[in-house]
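Tertiary structure, described
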Amino acid sequence: MGLLIVGSVALDTVETPFGRAEEVLGGAATYASLAASLFAPVRVVAVVGEDFPEAHVGLLRAAGVDMAGLQRAAGRTFRWAGRYDFDLNTAYTLDTQLNVFADFRPQLPEAYRDTPYVFLANIDPELQLSVLEQLRTPRLVALDSMNYWIETKREALQRVIARADLLLLNEAEVRQLCGTYSLVRAAREVLAMGPRALAIKKGEHGAVLCTPEWSFFVPGYPLESVKDPTGAGDSFAGGLMGYLARSGDTEPYNLKRGVVHGSVLASFAVEDFSVERLRALSTADIEQRYQEFRALTQF
Ligand code: AMP
């Protein structure tokens, strides 16, 4: 089954203690769609400017991503610059240039309106709501957001959270949204807002999937070398949603497998800058690491 992804396609400049990459392919929708395309047919709705290299569009197309929903607008592409210290869990934003993203109004091509699986990556919650208005009967909607929208558009964010099936946030965002340190209490509050499940991303420490009835923990993969954590959360979302879209099964045991696949994809994404590792991945690589996760968590 198909997966629709709406979010940023960007040119990123990233500095980590292990190197620097300038004006490379990035954006939440980019990472999520490359990760998901390893499992299921993916279609993207996003905007880029006149300066966006055609080779990047070609890279996504070569991965099988349907780019019919990519708008090319007059102006410059969205740019993000960030830095990480040795604690790779925290990104310090150095610069955000919205450029064509400032006027982005997601328009779903007619053929996309029936897509059953949907990932609304981190954009203005009002735009996320406008995407939901254009969809007919989605089967599962996953939603991401960030501290900026929690601070500035809480009311719209709460409206879109109420309509999502699965909310994905990192632990700092969950605490900020609920104004509490306890993730147990915060998860209960978030689930009372409407979603069936909440995935709390904990960087190198893995992730927790919470539902009203049960919770499930997946560790981070013990990597020997991490170069650039940018896009880990979006690759997690792409792996999880791609896996669910492929299997068409949202029963608890399969949600758990989806979360493990999310962690597998995130662990690959951080091994290199930009999408270098994701673009080179094979299904055999994924299966092997999935089995390693299985061995790591079995007792
Ligand atoms: P992550 O590391 O998974 O949180 O996501 C990093 C990606 O999000 C980068 O490739 C950025 O281009 C993109 N990004 C950063 N800030 C924003 C923003 N305000 N809106 C949308 N995308 C963003």
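So, a few notes on the structure that sits alongside this text. (Residues numbered from 1 in each chain as written. Predicted model: local features only at pLDDT ≥ 70, side-chain atom pairs only at ≥ 80, totals over all residues. Heavy atoms only, no water.)

1. Section: the packing of aromatic side chains
Tallied over the full model, the rule gives 6 aromatic pairs. Aromatic side chains Phe39 and Tyr243 sit 6.3 Å apart centroid to centroid with 85° between the ring planes, which places their arrangement in the edge-to-face category. One end of the pair, Phe39, is in the loop between α1 (28-36) and β4 (42-48); the other, Tyr243, is in helix α8 (residues 232-247), and 204 residues separate them in sequence. Of the two residues, Phe39 and Tyr243, both sit in the buried class. Between Tyr221 and Phe293 the ring centres are 5.7 Å apart and the planes differ by 40°, which places this aromatic pair in the tilted class. Residue Tyr221 is found in the loop between β13 (215-218) and α8, and its partner Phe293 is found in helix α11 (residues 283-297); the two are separated by 72 residues along the sequence. Above the face of the Tyr181 ring, Arg175 is positioned so that its terminal group lies 3.9 Å from the ring centre. (Phe/Tyr/Trp six-rings, centres within 6.5 Å; stacked < 30°, edge-to-face > 60°. Helix = DSSP H or I, 4+ residues; strand = E, 2+ residues; numbered from the N terminus. Buried < 20%, exposed > 50% of the residue type's maximum accessible area, 1.4 Å probe, protein only. Lys NZ or Arg CZ within 6 Å of the ring centre and 35° of its normal.)

2. Focus on the environment of Phe273
Inspection of the secondary structure assignment puts Phe273 in the loop between α9 (252-269) and α10 (276-279). As a C-alpha pair, Phe273 and Ala156 span 117 residues in sequence and 33 Å in three-dimensional space. Once residues within four sequence positions are removed from consideration, Phe273 is found in contact with Val14, Thr16, Phe18, Gly19, Arg20, Ala21, Lys227 and Asp228. (Contact = heavy atoms within 4.5 Å.)

3. What about the pairing of strand β1 (residues 3-6)?
Two faces make up the sheet, and in a regular strand the side chains alternate between them. Judged by which residues are buried, β1 turns out to be covered on both faces: Leu3 and Ile5 on one side and Leu4 and Val6 on the other are all buried. Looking at chain direction, β1 and β4 are connected through 4 bridges and run parallel. Bridged to Ile5 within β4 is Val44. Bridge count for β1 against strand β8 (residues 117-120) is 4 bridges, and the pairing is parallel. Across the sheet, the residue bridging to Leu3 is Tyr117, located in β8. (Pairing = 2+ DSSP bridges.)

4. Thoughts on the pairing of strand β12 (residues 207-210)
Burial of β12 is two-sided: the residues Ala207 and Leu209 facing one way and the residues Val208 and Cys210 facing the other way are all buried. Bridge count between strand β11 (residues 197-201) and β12: 4 bridges; the pairing is antiparallel. Looking across to β12, one finds that Leu198 is bridged to Cys210. Pairing geometry for β12 and β13, over 4 bridges, is antiparallel. By the bridge assignment, Leu209 is partnered in β13 with Phe216. Connecting β12 to the antiparallel partner β13 that follows it, the hairpin turn spans 4 residues.

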